[in-house]
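Architecture and fold: a report
Take a look at the letters that make up each chain.
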Amino acid sequence: MWVHYILRLRSATRSFAMASAVMSSCFLFFLLCTSHAANHQQTNFLNCFLEATGGSSSSPSKIYTPNTTSFSTLFRSSIQNLRFLSSGAETPSFIILPSVDNDAQAAVVCGRRHGIRLRVRSGGHDYEGLSYVSFSSTDGPFAVVDLSGLRSIKVDPAARVAWVGAGATVGEVYYHVAAASPTAAFPAGICSTVGIGGQFSGGGIGSLQRKYGVSADNIVDAKLVNAEGELLTRETMEEDLFWAIRGGGAANFGVVVAYKLRLVPVPPKVTVFSVTRTLGQGATRLLHSWQSIAPRLADDLWIRALVRAVGEAPVNRTIEATFQGLFLGTRRATLAAIKKSFRELRVRAEDCNKLSWVETNLYLDGRAFNNTSVLLDRRQVYNISFKAKSDFVRKPISDKAWEGIWKVMMEAEEEPLVMILEPWGGRLWEIEDDAIAFPHRKGNLYNIQYIMAWLETEAAASTERHLTWMRRLYDYMTPHVSTNPRAAYLNYKDIDLGSSREEGRTSYKEASAWGRRYFLRNFDKLAKVKARVDPDNYFWNEQGIPPFAA
């Protein structure tokens, strides 16, 4: 994962565990009513939720307020981007921890009735923190629905399907699928602590995307709580809504509590490899070739590139490009495929490892791969702040242009930035761009993620310096990436593309600033689906999809 390449330069270790203490519903009610911050609106919401969920002093609480001793721990338990803890953003008035689907339904019904908006958090990796904080100018109260209690995984290896709670992490899905069948897998990302609720509904790119498409291409059913508090499945939600939640960001339309996944076949053992080259070893030439070769390789072969500046200026500063690959076959077949299509990469047998598919996700994440049970660990691995942006490249970038990019990257000696280049092609080019809401298909050679991390203990001025430098690099890349619009990937959310701060009042024109970049021509249809299922824009956020009726 990107963070391992960044944290070779700066490492931070500390993790927070979710508190096990629980507080009775009656005591929570007492705290809220006696707090100076309590008001009639919040009291009514809490009372409504407790009544709807059968809350009592004898049962564990499913709702927490800032007066609860465990609130802060629960709030921080899965926040992966710590800059939002000191950003001045509004924090929730409630955290709701559903244990059954009805709890999510109660949150929606009571929230609408009493004017408490919801934000939905699955794994806490929202790049701009919009699943757990608010930048609204109205400062209205809101609740975070934390789905971590809804993470059951039921795998049917014979039917090659799995029902998965939306609060499960990618690592938990991988572990349980592999335990049920060593020849079954699911196409998703590499970072194991990412929650599936967000990743799958935004697309879900990863090492199997060229063979089987993105995660959203392999969702065959879902359970969603709509703006009326109804629990719907694919059969009852209508196809346009099911289309929208596969790539359009499900939190724009409701609360997805579970997905049904189509599992895909993989060999019992596959091959992974990694080779690193510096500028002096021909990294620029290799990367130029990779742009045209990687999208056109056999779809069993996936090769991505991770690029960063290393060394001290001015003498030892250089660019390092690491090429990571996965082949759905033997080591011998891997070497033969690379020799045929990308000989200049010069992958050797000793660069390769024969692993099970589930082990490859740890390998590609830069972690020890001999203990797959670590995939079940949901805790934060690093306490860092970060900023990311994304692009899609449709024409190869020239050697000369890369040299200019290297110059910019090497000027920022203290900025630990990584560019991650993910190849397109294969199945991604075969699926039509409007088959589901995820639109990034044929014509793209690869996706770029620019990501930079820094320690949480650094000053606010340092944060601003990092953000400024990231924006400078992004601006420099403008001539080399997609245009009209300059496309972006929803799961690499970027508030710099535009945002609305007036709660519930985002206009279609305003949202087009980011909507057309995330969703291209699918934005219009998404806004029309929104108008049908959530005309009052109850599920609002700063970069949401507004309702629009033609």
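Residues numbered from 1 in each chain as written. Predicted model: local features only at pLDDT ≥ 70, side-chain atom pairs only at ≥ 80, totals over all residues. Heavy atoms only, no water.

The next point concerns the UniProt feature "domain: FAD-binding PCMH-type" (unreviewed entry) in the chain. Within this numbering scheme, the UniProt entry marks residues 87–266 as carrying the feature "domain: FAD-binding PCMH-type" (unreviewed entry). Along residues 87–266, the helical share is 26% and the strand share 24%, with 44 Å between the first and last C-alpha atoms. (UniProt positions renumbered as here; feature names shortened; annotations may be inferred. Helix = DSSP H or I, 4+ residues; strand = E, 2+ residues; numbered from the N terminus.)

Turning our attention to the pattern of salt bridges. Under the counting rule described, the total for this entry stands at 37 salt bridges. Between Glu 464 and Arg 471 there is a salt bridge, with its nearest N and O atoms 3.8 Å apart. Take Glu 464: its relative accessible area is 41%, and that puts it in the partly exposed class. Classification of Arg 471 as partly exposed rests on a relative accessible area of 28%. Here the salt bridges share partners, and the residues they tie into one network are Arg 83, Glu 128, Lys 387, Lys 389, Glu 464, Arg 471, Asp 494 and Asp 496. (Salt bridge = Lys/Arg side-chain N within 4 Å of Asp/Glu carboxyl O. Buried < 20%, exposed > 50% of the residue type's maximum accessible area, 1.4 Å probe, protein only.)

Another aspect to go through is the nonpolar core. Here is a general trend for soluble globular proteins: nonpolar side chains tend to be buried in one another's company. In this structure, Ile 245, Trp 290, Phe 323, Met 409, Met 419 and Leu 421 are the most contacted members of the largest nonpolar core, which totals 139 residues. The residues touching Trp 290, leaving out its near neighbours within four places in the chain, are Pro 295, Ile 303, Arg 304, Ala 305, Phe 323, Phe 342, Leu 421, Glu 422, Pro 423 and Tyr 446. Counting residues in each nonpolar core, the second largest holds 20 residues, with Tyr 127, Ala 388, Val 418 and Tyr 492 among its members. (Core = buried A, V, L, I, M, F, W, Y, C linked by side-chain atoms within 4.5 Å. Contact = heavy atoms within 4.5 Å.)

What links the strands of a sheet is backbone hydrogen bonding, and the strands pair in either a parallel or an antiparallel sense. Here we have four strands laid out as an open sheet, ordered β1-β2-β4-β3, and mixed in their pairing. Both edges of this open sheet fall to β1 (63–64) and β3 (117–121), since each of them pairs with a single strand only. In terms of strand pairing, β1 meets strand β2 (residues 94–96) through two bridges, oriented antiparallel. Its bridge partner lying in β2, Tyr 64 is registered against Ile 95. Contacting β1 and β2, helix α3 (residues 40–53) crosses the sheet at an angle of about 15° to β2. (Pairing = 2+ DSSP bridges. Axes fitted to C-alpha atoms, helices over the stretch in contact; angles between N-to-C directions.)

With that out of the way, let us pick up the pairing of strand β12 (residues 270–278). Here β12 runs beside strand β15 (residues 352–355); their pairing, made up of four bridges, is antiparallel. What sits directly across from Thr 271, in β15, is Lys 354. With eight bridges joining them, β12 and strand β14 (residues 318–327) adopt antiparallel strand pairing. Looking across to β14, one finds that Val 272 is bridged to Leu 326.

With four of five residues buried, strand β6 (residues 161–165) is to be regarded as a mostly interior element. Here strand β5 (residues 153–156) pairs with β6 via four bridges, running antiparallel. What sits directly across from Lys 154, in β6, is Trp 163. As consecutive antiparallel partners, β5 and β6 are separated by four residues, and within that stretch Arg 160 has a phi angle of approximately 60°, a positive value.

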